[in-house]
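# Observations on chain architecture
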Amino acid sequence: MNEMTDRSDAWERQPGEPNRWFARFEAYRLAGPARSLLGSVNGERSARGAAKSRSVPQAWATNAKRWQWRERAEAWDEFQRQEARVARAREVEEMNRRHVQEAKALQGKAVQRLKALDVELLSPAELLRYVTESAKLERTALGEPPANEEPRRAGSGGSSVLFTFEDAVRADQELEVFYHDRMQQTGGDALPDGNPQVP
């Protein structure tokens, strides 16, 4: 590219560029990245009601080269891509700002409910879940990755078995159900009979 196509206004009318050829360049430029010189020729011919041409007339080829149509059109394409990237970044930024505001409002409501909550009425599993979720929220707010998975023991083949906080909550809930069901089977609060062979 030379000085003409390095400028940010490369796709504008250049000094000395005839109006007729600039208008043709405009049609070429606006045809998009799939544009072709022959396509522009035939677009103009079609508008006049003339038959399509199979080749590019010499005058078109000469002026397109002289006024650097391809380079200027590609500079326009790149400008459009940059504009689209900037617009997309603005949309994402606006979305993030809106989500933060919505999240703060929801968190405020949740904190109000938590303050009114009687902690004595919570089960151990519910308490553990509150602790777990609040820790996740804090880590996320600080931009840290979740730290809720820790290798517990080696599995078959030496691979790690992951044990998460959610596993602990589920296990606690399952134990509650298990003990509840056992108590129901033995009839109320009485403990189940033990193994008579165990001292």
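A brief look at the structure comes next.

So, how was this worked out
Residues numbered from 1 in each chain as written. Predicted model: local features only at pLDDT ≥ 70, side-chain atom pairs only at ≥ 80, totals over all residues. Heavy atoms only, no water. Core = buried A, V, L, I, M, F, W, Y, C linked by side-chain atoms within 4.5 Å. Buried < 20%, exposed > 50% of the residue type's maximum accessible area, 1.4 Å probe, protein only. Helix = DSSP H or I, 4+ residues; strand = E, 2+ residues; numbered from the N terminus. Contact = heavy atoms within 4.5 Å. Axes fitted to C-alpha atoms, helices over the stretch in contact; angles between N-to-C directions. Parallel < 35°, antiparallel > 145°, perpendicular 65-115°, else oblique. Left-handed = near helix turned anticlockwise from the far one by under 90°. Nonpolar A, V, L, I, M, F, W, Y, C, P; charged D, E, K, R; others polar.

## Let's talk about the nonpolar core
Membership of the largest hydrophobic core comes to 14 residues, with the highest contact counts inside it found for Trp 11, Phe 25, Tyr 28, Trp 60 and Trp 69. Of all the secondary structure elements, the ones that give two or more residues to this core are α2 (19-30), α4 (58-66) and α5 (69-115). Each residue touching Trp 11, except ones within four places of it in the same chain, is listed here: Phe 22, Phe 25, Glu 26, Arg 29, Arg 72, Ala 75, Trp 76 and Phe 79.

## A short note on the packing of α2 against α5
Taken N-terminus to C-terminus, the directions of α2 and α5 make an angle of 50°; their axes are 10 Å apart at the nearest point. Classified by the interaxial angle, the pair formed by α2 and α5 is oblique. Viewed along their axes, α2 and α5 form a crossing whose handedness is right-handed. Facing α2, whose interface residues are Trp 21, Phe 22, Arg 24, Phe 25, Tyr 28 and Arg 29, α5 presents Trp 69, Arg 70, Arg 72, Ala 73 and Trp 76. The class makeup of the residues in the contact of α2 with α5 is 7 nonpolar, no polar and 4 charged.

## Re unusual backbone geometry
Backbone geometry at Gln 68 places phi at a positive 50°, although glycine is not the residue there. Its place among the elements puts Gln 68 in the loop between α4 and α5.

That is the geometry; function is a separate question.
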